[in-house]
Amino acid sequence: MRITRRDFLSASAGVAAAPLLGGRAVAAPPTREADIVVIGAGAAGIAAARRVLAAGRKVIVLEASSQIGGRCQTDSSTFEVPFDRGARWAHNPETNPMIRLARNAGLELMPAPSGEKIRIGRRNARPGETEEFLAALVRANRAIDDAARRSDVSCASVLPKELGDWASTAEFVLGASFSGKDLKEVSVVDKARAQDRDNAIACRQGLGTLIARLGAQLPVALSTPANRISWSNRDVVVDTPSGKIQARAAIITVSINVLAAGKLKFDSDLPRRIGDAIAKLSLGSYDRIALQMPGNPLGLGHDDVLIEQSNSARTALLYANVGGSSLCTVDVAGSFGRDLSAEGEQAMVEFAKEWLKKLFGSDAVAGIKKSSATRWNASPYILGAMSVAAPGGQAARRGLIDPVGCMYFAGEATHETLWGTVDGAWESGERAAEAALRRIGALPAAPATTAPPQKQRRRAPPARSAQPRGLFD
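Report follows, based on the coordinates. Predicted model, so just to flag it, every value in this text is computed and none were measured.

Bringing the overall build of the protein into the picture now. Within the protein, the secondary structure is distributed over 13 helices and 20 strands. For the protein, with 473 residues in total, the buried portion stands at 56%. At a minimum sequence separation of 6, the contacts of the protein that also span at least 24 residues come to 76%. Surface exposure of the protein reaches about 19,300 Å², of which carbon and sulfur atoms provide 49%.

Encoded structure:
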């Protein structure tokens, strides 16, 4: 069920048209009430709202944009196959509830590509060269893990010096491509605590389609931004352009960069730990340039993933022949991706063409029929890709989990080990909803605990896949 701004305004029309009393017009829209109000209809908000409804309580979801999904958006009309503009993979199929829900919804799931090709100039890497690169990744990961046991410094500061010709490639794979930030901006503790993201799962209809399907029956008010929250230990009142929402608790799932930009204001000052988290967990940059390339001019297989041996940050990741189609995507990230995105879509497409020409020759891009590029940093209700802790900032994630009055924060940024994933966002939404339901007496109180249990991270050498999976990849 969708509640649009028109619904709110229609509900207010009777008040505006009522007879005047005492010569004064009363035109303010009425306050709507709910047990819990959810702000943001991305994966975390949808998970939270579903959990509240399952407990038999009233929920209203406020979404500033005109569609649900947040950073999970599938474009099903531009190309011959669905194009995931944001998040592409889900993970951990054995334990991830989204996988079961996708199957129940009749969507087709398939494993993500299990490995990557490496290009060195105009040729593929030889087996020995691939082994050298994998060994470099193992050494880099080991150095990051070892450093994380001592202090929370930047990943770049602890990289081994002997990575040789693979240094820039390792930095791209472990930094920009994984988190949307260069390794100098990434906390070693945050990187070390991130769960391995093997066994990734794709949805043939698009991950954005899955999230939209799971939110289809929720009471979502689209194009209705939350402008201001008045909060206490007892209730919250949310101001929107279409009226006020009063609730006994709120679950806030907007991105860290939206909070940092002050788009959502609070009547009372938030605790210092929240401001600290907002400052230390900013979003990285990750964008996707989609190219329709009929005839397979790159000579690659279905769903092939390719990186290059690079000597700078000016590089990318190629996902070729998506789902057996002629659609290829060139993904750019980190500081280079951010700068390129700021130049606009045309500059992004031109870079993708030049990069492919460098690797495959000019004939490879001669037949491009159609193109499209994302620019998540410019998306006003997102302002970036995934949250990444700055050096010294990993503990800030824990600070977001504890409630503020009757407000609960959720989203991938609030997950200590699955940050940067749709799985982490979904799990955080369910966790926040259960805490809010306990507050209002809809669930029994939880046993006392010092911290939510964390799944153990499995560290293994990247034998099958050199490419760790983040939110957008």
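With that settled, the discussion passes to the pattern of salt bridges. Tallied over the full model, the rule gives 20 salt bridges. Close ionic contact of Arg228 with Asp267 constitutes a salt bridge, the shortest N to O distance being 2.9 Å. In this pair, Arg228 sits in strand 11 (residues 228-231) while Asp267 sits in the loop between strand 14 (265-266) and helix 9 (272-280), placing the two residues 39 residues apart along the sequence. Assessed through its relative accessible area of 31%, Arg228 is described here as partly exposed. A salt bridge links Glu354 to Lys357, with the shortest nitrogen-to-oxygen separation between them at 3.0 Å. Taken together, the residues span about one helical turn, with Glu354 and Lys357 both in helix 11 (residues 345-360) at a distance of three residues. Overall, Glu354 belongs to the partly exposed group, its relative accessible area being 45%. On the basis of relative accessible area, Lys357 is assigned to the partly exposed category, the value being 27%.

Here we come to unusual backbone geometry. For Ser223, which is not glycine, the phi torsion reads 50 degrees and is therefore positive. Unusually for a residue other than glycine, Leu383 sits at a positive phi of about 70 degrees. Assignment of secondary structure puts Leu383 in the loop between strand 19 (370-373) and helix 12 (396-401).

Glancing now at the sheet that holds strand 19. Taken in spatial order, the seven strands of this open sheet run 8-7-16-17-18-15-19, and their pairing is mixed. Each edge of the open sheet carries a strand with a single partner, namely strand 8 (123-124) and strand 19. Where strand 7 (residues 117-120) meets strand 16 (residues 304-308), three bridges bridge the pair, whose relative direction is parallel. Bridging across to strand 16, Lys117 finds its partner in Leu306. Contacts from helix 10 (residues 334-342) reach strand 15 (286-292) and strand 18 (327-333) within the one sheet, and its direction differs from that of strand 18 by about 110 degrees.

Before going further, it helps to examine the packing of helix 4 (residues 127-148) against helix 5 (residues 167-179). For any two helices packed against each other, the geometry comes down to the angle between their axes and how far apart the axes lie. Two elements in contact, helix 4 and helix 5, have axes whose closest approach is 10 Å; the angle formed by their N-to-C orientations is 60 degrees. It follows from the interaxial angle that helix 4 and helix 5 lie oblique. The handedness of the crossing between helix 4 and helix 5 comes out as right-handed. Of helix 5, the residues touching helix 4 (which contributes Phe133, Leu137, Ala140 and Asn141) are Thr169, Ala170, Val173 and Leu174.

A few words now on the nonpolar core. Of all hydrophobic cores here, the largest spans 73 residues; its most connected members are Ile36, Ile229, Val236, Ile251 and Met407. Filtering out sequence-adjacent residues up to four positions away, Ile251 remains in contact with Ile36, Val37, Val38, Ile39, Ala48, Tyr408, Ala410, Ala432, Ala433 and Ala436. Of all hydrophobic cores here, the second largest spans 45 residues; its members include Ile118, Phe133, Cys155 and Tyr286.

Put simply, helix 10 and helix 11 touch, their axes get as near as 6 Å, and they point 130 degrees apart. The pairing of helix 10 with helix 11 is recorded here as oblique in orientation. Contacts between helix 10 and helix 11 involve Phe336, Leu340 and Ser341 on the former and, on the latter, Ala347, Met348 and Phe351. Of the residues assigned to the contact of helix 10 with helix 11, the class counts are five nonpolar, one polar and no charged.

With that out of the way, let us pick up helix 9. Those residues of helix 9 that sit buried are Ile274, Ala277 and Ile278. In a view along the axis of helix 9, the buried residues occupy a sector of 100 degrees, so they form one face of it. Among the exposed residues of helix 9, those pointing more than 90 degrees away from its buried face are Arg272 and Ala279. In this structure, the buried side of helix 9 is in contact with helix 8 (256-260), helix 12 and strand 20 (407-409).

Its 18 residues give helix 13 (residues 422-439) an end-to-end C-alpha distance of 26 Å, which sits within 8% of 26 Å, the value for a rise of 1.5 Å per residue. Along helix 13, the positions that sit buried rather than exposed are Val422, Asp423, Gly424, Ala425, Trp426, Ser428, Gly429, Ala432, Ala433, Ala435, Ala436 and Leu437. The elements touched by buried residues of helix 13 are strand 2 (32-39), helix 2 (43-54), helix 3 (97-104), helix 7 (207-214), strand 13 (243-252) and strand 20. Immediately beyond the C-terminal end of helix 13, within one or two residues, lies Gly441, with a positive phi of roughly 85 degrees.

Right, let's talk about the packing of aromatic side chains for a bit. All chains considered together, the criterion is met by five aromatic pairs. Ring centres 5.8 Å apart and planes at 55 degrees place the aromatic pair Trp89 and Tyr319 in the tilted group. Of the two residues, Trp89 sits in the loop between strand 5 (83-84) and helix 3 while Tyr319 sits in strand 17 (residues 317-320), which places them 230 residues apart along the sequence. Overall, Trp89 belongs to the buried group, its relative accessible area being 1%.

Here we take up the pairing of strand 11. Going residue by residue along strand 11, you find Ile229 and Trp231 tucked away on one face and Arg228 and Ser230 left uncovered on the opposite face. Of the strand pairs in this sheet, strand 11 and strand 12 (residues 236-240) are connected by four bridges, and their pairing is antiparallel. Looking at strand 12, one finds that Trp231 is bridged to Val236. As judged from the two bridges shared by strand 11 and strand 14, these two strands associate in the parallel manner. Residue Ile229 lies in a different strand from strand 14, and its bridge partner there is Phe266.

Attention now goes to the side chain of Ser372. Looking at where Ser372 falls in the secondary structure, it is placed in strand 19. Side-chain polar atoms of Ser372 contact the side chain of Arg85, separated by 3.2 Å. When near neighbours in sequence (up to four residues on either side) are disregarded, Ser372 contacts Phe79, Phe83, Arg85, Arg288, Ile289, Ala290 and Glu345.

What counts, and where the lines are drawn
Residues numbered from 1 in each chain as written. Predicted model: local features only at pLDDT ≥ 70, side-chain atom pairs only at ≥ 80, totals over all residues. Heavy atoms only, no water. Helix = DSSP H or I, 4+ residues; strand = E, 2+ residues; numbered from the N terminus. Buried < 20%, exposed > 50% of the residue type's maximum accessible area, 1.4 Å probe, protein only. Contact = heavy atoms within 4.5 Å. Areas by Shrake-Rupley, 256 points an atom, 1.4 Å probe, with all protein chains shown as cover. Salt bridge = Lys/Arg side-chain N within 4 Å of Asp/Glu carboxyl O. Pairing = 2+ DSSP bridges. Axes fitted to C-alpha atoms, helices over the stretch in contact; angles between N-to-C directions. Parallel < 35°, antiparallel > 145°, perpendicular 65-115°, else oblique. Left-handed = near helix turned anticlockwise from the far one by under 90°. Core = buried A, V, L, I, M, F, W, Y, C linked by side-chain atoms within 4.5 Å. Nonpolar A, V, L, I, M, F, W, Y, C, P; charged D, E, K, R; others polar. Arc of directions from axis to C-beta. Expected span 1.5 Å × (residues − 1). Phe/Tyr/Trp six-rings, centres within 6.5 Å; stacked < 30°, edge-to-face > 60°. Polar contact = N/O pair within 3.5 Å; in protein donor to acceptor, adjacent residues only side chain to side chain.

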